[in-house]
2 protein chains.
Amino acid sequence: MGSIPSDDKYPLGFKALDENSLVEYIKSAPQIVSALGGDLNELSIKEVGDGNLNFVYIVVGPSGSVVVKQALPYIRCVGESWPLSKERAFFEMLTLKRHGALCPTHVPEVYYFDRAMAIIAMRYLKPPYVILRKGLIAGIEYPLLAQHMSEYMARTLFFTSLLYCSAKDHRNSVAKFLGNVEQCGLTELVVFSDPYRLSSSNRWSSPYLDTDVQSIREDIHLKLEVAQLKSLFCERAQALIHGDLHTGSIMVTENSTQVIDPEFSFYGPMGFDIGALLGNFILAYFAQDGHADESNDRQVYKQWILNTIEDTWNLFHDKFVSLWNENNHISGEAYPADVFNTPQLNILAQNKYMQDLFHDSLGFAAAKMIRRIVGIAHVEDFESIHNVQKRAYCEQRSLQFAKMLMKTRNKFESATQLVSAILQT
Amino acid sequence: MGSIPSDDKYPLGFKALDENSLVEYIKSAPQIVSALGGDLNELSIKEVGDGNLNFVYIVVGPSGSVVVKQALPYIRCVGESWPLSKERAFFEMLTLKRHGALCPTHVPEVYYFDRAMAIIAMRYLKPPYVILRKGLIAGIEYPLLAQHMSEYMARTLFFTSLLYCSAKDHRNSVAKFLGNVEQCGLTELVVFSDPYRLSSSNRWSSPYLDTDVQSIREDIHLKLEVAQLKSLFCERAQALIHGDLHTGSIMVTENSTQVIDPEFSFYGPMGFDIGALLGNFILAYFAQDGHADESNDRQVYKQWILNTIEDTWNLFHDKFVSLWNENNHISGEAYPADVFNTPQLNILAQNKYMQDLFHDSLGFAAAKMIRRIVGIAHVEDFESIHNVQKRAYCEQRSLQFAKMLMKTRNKFESATQLVSAILQT
Ligand SMILES: Nc1ncnc2c1ncn2[C@@H]1O[C@H](COP(=O)(O)OP(=O)(O)O)[C@@H](O)[C@H]1O
Ligand SMILES: Nc1ncnc2c1ncn2[C@@H]1O[C@H](COP(=O)(O)OP(=O)(O)O)[C@@H](O)[C@H]1O
Ligand SMILES: [Mg+2]
Ligand SMILES: [Mg+2]
Ligand SMILES: [Mg+2]
Ligand SMILES: [Mg+2]
Ligand SMILES: [Mg+2]
């Protein structure tokens, strides 16, 4: 892992960079220089600026390119009034490397990390790579998406869980990631608490959703369910999860899928990742009516999203269970091979595990949907619908579905049932 | 916290003491000297030696007394062939202090700790204090036991959970205790794995229990349940639990109850502590027939144990819920006061929480019973029944009950039902 002689240049070890000072910084970071092919003449540097929390610079030179991401000690889109530890860059780097080792096809390579400066340099995913959320808004099909994301989730979650690891290794890793406490705190606040109470950070399409928002605050059964999900999030160290796996953390082309931005990663419930993805797919689905126009009624595309939802879970299920079977002799802590010593027993254990995981995932999917409609951070899927009334209608249907899903998630037995329920909304 | 100039005396910072070298050690530890009233003449030092893992010295002088406990880097009752980190003394000390601060009436005071030497000096619980297990075998009633133990469990578990703490404080504490990984590993092995497979450490009353032991290894549903409990133990950081709360970790008189020996403590599921206690009470109950003789048929005493079981859960329930209500304004992470803002909502949340906790507790109670009959470490309740056939009969009934309990725990709705089920065995 590289480091620069930052003590000289930046007495406190940290300085917020900009497009100009970044050039100087790069000169003193050999690994970045080498990613740029050694040629620092005529560098083009552009801050991307569509992220909420951090600064991302795209650096392109004549012989190579690189993305440089810097975390500042506060939340970018709010400002210095909302401090947030820049150590999040350290955890992002750790997980890019760990998930990258487990699933190199779907995680960009990290070239360089500087802890004091909270800087990660990684592979630049050039166009035609685009943020998945933007592709979904544009109505573009990604035929391999479910295949790729199920592969990413199955591998990263399985291999960091007690299905594969010893409790000893697991506890050591869990302890390390407990340091990412401020990022977890942000999730606890904006996903699990604020949407269910009066909070000055909440926003919604007013006045259309005023009564919906109020009814969430008064929905006893919803609040009981979300409290259970919150406790699961806070207490259950099931696997090293990405922690922010929405469609804005995925970059895609027709043939390739790359997961970025795991700065919220920690050992938490697997369902939080799976649910983030499924929930954001469902939001994309309900937003389609707002994007329909005379040239495209989006009906075919809506069906593709539904297929993707169903495939994502089903492929994840199959890949995850395959990894379990293939690694049975390794004997992770949870199901030792000499206790789980018959095929029947393993099948029963797997069925129970996958059923519980499905229910967790649906609960978290619902929580992630709700918070994107009535909480602090909204999604472009809806924000880009300029007709406010249309947008509010899409949001209302999403909310209605999400509330039902959170309350009845344990009744769902398959992804097919999930898709039917979406269609019935 | 004290420390001795051990670098001089013990070049490696650690030395296993004995009754002779302990005197020299004490001289260089002012806090121990002061607990002994400053008078080191005519010290009586006796190693107690009834513990499985560590060495415990009772030191009595003319002006004071103290217990000195030392952890060696292996398991005492096995020997150097089974290494075990002496850091367990550090975690024992931490929890004696933390639980002691939360419930001073039921935890002995710590006078001194030396991390390199793995030594804790604490209050000597003089006779008539006796290890509770011995009292239960002797058929002695402790009228305040349920009251005291429910108080201890309610306070230590509530105040170290997310019902009271912020997620931030909680995660920091969880991380600290993840260092006690070797002790957790021992539990995972001897409680959750070995009893359910062939293992050279397992022992049982052979040949009487041979088929019972085999049928456990072949009991699919039991093995599925125990795997779930094991995952809960490994993954769920619910509260700072004692980790070894059997009747051999409690010292009692008629009026006082003291909890010792939290060397297995970590952030785990609350039900593991409650279950350890209930499970060991149930073992004591089933052992009574083996202790009955012409002078005492133990029928009255059996009823007292049943009452104690019922009272322990019911009082725990009430005290725990009271703490929840009293501290509602503090707003722990799990149920923020401005989300859980009506009495009805709080009652529903409490009912669900307590019901889940009851079921967890029954599952762990069953696991703790089973492992004491077919695993490595047995209990004096049965071991002291010299008629082997009688002992095997008591063990068989315990096993039968524990298997049923583990498999059907979620159907139990009250401690009364638990007691009825015991009576029906
Ligand atoms: N490796 C990369 N290659 C290309 N673009 C990237 C890369 N990483 C980030 N970006 C761009 O920068 C934006 C913000 O990055 P992200 O890691 O999501 O930051 P934040 O943590 O602030 O959300 C992304 O939406 C994407 O457009
Ligand atoms: N504070 C104390 N006062 C009196 N006796 C104690 C005290 N602590 C331990 N003992 C005695 O020493 C025995 C072993 O102590 P314990 O802490 O349980 O050790 P171990 O960890 O080896 O099980 C206890 O069963 C009890 O008889
Ligand atoms: Mg992002
Ligand atoms: Mg981010
Ligand atoms: Mg379930
Ligand atoms: Mg003990
Ligand atoms: Mg002990």
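Thresholds applied
Residues numbered from 1 in each chain as written. Chains lettered and ligands numbered in written order. Predicted model: local features only at pLDDT ≥ 70, side-chain atom pairs only at ≥ 80, totals over all residues. Heavy atoms only, no water. Contact = heavy atoms within 4.5 Å. Buried area = accessible area lost by both parts, 1.4 Å probe. Salt bridge = Lys/Arg side-chain N within 4 Å of Asp/Glu carboxyl O. Axes fitted to C-alpha atoms, helices over the stretch in contact; angles between N-to-C directions. Helix = DSSP H or I, 4+ residues; strand = E, 2+ residues; numbered from the N terminus. Left-handed = near helix turned anticlockwise from the far one by under 90°. Nonpolar A, V, L, I, M, F, W, Y, C, P; charged D, E, K, R; others polar. Core = buried A, V, L, I, M, F, W, Y, C linked by side-chain atoms within 4.5 Å. Buried < 20%, exposed > 50% of the residue type's maximum accessible area, 1.4 Å probe, protein only. Parallel < 35°, antiparallel > 145°, perpendicular 65-115°, else oblique. Domains from an automatic or database assignment. Polar contact = N/O pair within 3.5 Å; in protein donor to acceptor, adjacent residues only side chain to side chain. Pairing = 2+ DSSP bridges. Near = heavy atom within 4 Å. Phe/Tyr/Trp six-rings, centres within 6.5 Å; stacked < 30°, edge-to-face > 60°. Lys NZ or Arg CZ within 6 Å of the ring centre and 35° of its normal. Areas by Shrake-Rupley, 256 points an atom, 1.4 Å probe, with all protein chains shown as cover.

Enquirer: Let's hear about the interface of chain A and chain B: which residues, and what values?
Expert: In many reports, interface size means the accessible area that the parts give up when they come together. Between chain A and chain B, the contact holds 42 residues from the first and 42 residues from the second. Here chain A packs against chain B, burying approximately 3,900 Å² in sum over the two surfaces, 59% of which is carbon and sulfur. On the chain A side of the contact with chain B, Arg171(A), Leu178(A) and Glu235(A) bury the most area, a combined 20% of that side's loss. Taken together, chain A and chain B are joined by eight salt bridges. Where Arg171(A) meets Glu188(B), a salt bridge forms, and the shortest distance between an N and an O atom there is 2.3 Å.

Enquirer: Outline the packing of helix α8 (residues 181–193) of chain A against helix α7 (residues 167–177) of chain B, supporting the account with residue identities and numerical values.
Expert: Relative to each other, α8(A) and α7(B) sit at 140°, their axes nearing to 10 Å. Handedness of the α8(A)/α7(B) crossing: right-handed. Across from Val181(A), Glu182(A), Cys184(A) and Glu188(A) in α8(A), the residues of α7(B) making contact are Ala167(B), Lys168(B) and Arg171(B). Residue composition of the contact of α8(A) with α7(B), grouped by class: three nonpolar, no polar and four charged.

Enquirer: Requested: an account of the nonpolar core, with residues and values cited.
Expert: Counting residues in hydrophobic clusters, the biggest one holds 295 residues, and the most contacted among them are Phe320(A) and Phe320(B). Excluding anything up to four places from it in sequence, Phe320(A) contacts Ala154(A), Leu157(A), Phe158(A), Leu163(A), Met270(A), Tyr353(A) and Met354(A).

Enquirer: Tell me about the packing of helix α13 (residues 343–374) of chain A against helix α10 (residues 220–235) of chain B, and please be specific about residues and values.
Expert: Contact geometry for α13(A) and α10(B): axes closest at 10 Å, N-to-C directions at 40°. The orientation of α13(A) relative to α10(B) falls into the category oblique. The hand of the α13(A)/α10(B) crossing is right-handed. Residues Gln344(A), Leu345(A), Leu348(A), Ala349(A), Lys352(A) and Asp356(A) of α13(A) lie in contact with α10(B), whose contacting residues are Ile220(B), Lys223(B), Leu224(B) and Gln228(B).

Enquirer: Before we move on, can you summarise the domain arrangement of chain A with the specific residues and values?
Expert: All names here are of chain A. If you check the domain split of chain A, you get domain 1 (6–122) and domain 2 (130–423). The centre of domain 1, based on its C-alpha atoms, is set 28 Å off from the matching centre of domain 2. At the junction of the two partners, domain 1 supplies 23 residues and domain 2 supplies 31 residues. Both sides together, the interface formed by domain 1 and domain 2 hides about 2,300 Å², and carbon and sulfur atoms give 64% of it. If you look at where domain 1 meets domain 2, you find two salt bridges. Note that Asp261 and Lys69 form a salt bridge whose closest N and O atoms lie 2.6 Å from each other. Remark: the boundary between domain 1 and domain 2 carries twelve residue pairs in polar contact (both at pLDDT 80 or more). Breaking the side of domain 1 that touches domain 2 down by element, the ones donating at least two residues are β5 (79–83) and α4 (88–102). Element by element, the count of residues in the side of domain 1 that touches domain 2 is highest for α4, at nine residues. In terms of residue class, the side of domain 1 that touches domain 2 is built from twelve nonpolar, six polar and five charged.

Enquirer: Before we move on, could you go through the sheet that holds strand β11 (residues 257–259) of chain A and cite the residues and values that matter?
Expert: Residues and elements named next belong to chain A. Ordered in space as β8-β10-β11, the three strands form an open sheet in which the pairing is antiparallel. Of all the strands in the sheet, the pair left with one neighbour each is β8 (130–131) and β11. Pairing between β8 and strand β10 (residues 250–252): two bridges, direction antiparallel. Paired with Ile131 across the strands is Met251, a residue of β10. Against the sheet, helix α6 (residues 145–159) touches β10 and β11, its axis set at about 35° to β11.

Enquirer: Residues and numbers for the site of ligand 1, please.
Expert: Residues and elements named next belong to chain A. Taken together, 18 residues lie near ligand 1, and Asp50, Asn54, Lys69, Arg123 and Glu263 sit nearest. The backbone of Leu53 places a nitrogen or oxygen atom 3.2 Å from an oxygen atom of ligand 1. Measuring from an oxygen atom of ligand 1, one finds a side-chain N or O atom of Glu263 at 2.8 Å. Its residues placed into classes, the shell around ligand 1 shows ten nonpolar, three polar and five charged.

Enquirer: Tell me about the packing of aromatic side chains, residues and numbers included.
Expert: Taken as a whole, this structure holds 52 aromatic pairs over all chains when the rule is applied. Considering the side-chain rings of Phe91(B) and Phe177(B), the 5.8 Å spacing of their centres and the 50° angle between planes classify their relative orientation as tilted. Taken together, the positions of Phe91(B) in helix α4 (residues 88–102) and Phe177(B) in helix α7 put the pair 86 residues apart, joining distant regions of the chain. Judged by relative accessible area, Phe177(B) falls into the buried class, the value being 6%. When the ring of Trp313(B) is compared with that of Phe358(B), the centres are 4.7 Å apart and the planes differ by 45°; the resulting orientation is tilted. Of the two residues, Trp313(B) is situated in helix α12 (residues 299–326) and Phe358(B) in helix α13 (residues 343–374); the sequence distance between them amounts to 45 residues. As far as burial versus exposure is concerned, Trp313(B) and Phe358(B) are alike and both buried. In this structure an aromatic cluster arises from ring pairing among Phe158(A), Phe159(A), Tyr164(A), Trp313(A), Phe316(A), Phe320(A), Trp324(A), Tyr335(A), Phe340(A), Tyr353(A) and Phe358(A). Looking at Arg76(B), its charged tip hangs above the ring of Phe55(B), at a distance of 4.1 Å from the centre.

Enquirer: Residues and numbers for unusual backbone geometry, please.
Expert: Residues and elements named next belong to chain A. In this structure, Pro128 follows Pro127 across a cis peptide bond, with omega equal to 10°. Position of Pro128 among the secondary structure elements: in the loop between β7 (119–122) and β8. Between Ser206 and Pro207 the backbone carries a cis peptide bond, its omega angle lying at 0°. Structurally, Pro207 can be placed in the loop between α8 and α9 (210–217). Even without glycine at this site, Glu42 takes up a positive phi of about 55°. The backbone phi angle of Ala118 is positive, close to 55°, even though this residue is not glycine. Looking at where Ala118 falls in the secondary structure, it is placed in the loop between β6 (110–114) and β7.

Enquirer: Run through the site of ligand 2, naming residues and quoting values.
Expert: Residues and elements named next belong to chain B. In the vicinity of ligand 2, 18 residues are found, and the nearest of them are Asp50, Asn54, Lys69, Leu125 and Glu263. Note that a nitrogen atom of ligand 2 is positioned 2.8 Å from one of the backbone N or O atoms of Leu125. Burial of ligand 2 by the protein chains amounts to 93% of its free accessible area of 550 Å². Class assignment of the residues belonging to the shell around ligand 2 gives a composition of ten nonpolar, three polar and five charged. Three or more residues apiece are contributed to the shell around ligand 2 by two domains, here domain 1 (6–122) and domain 2 (130–423).

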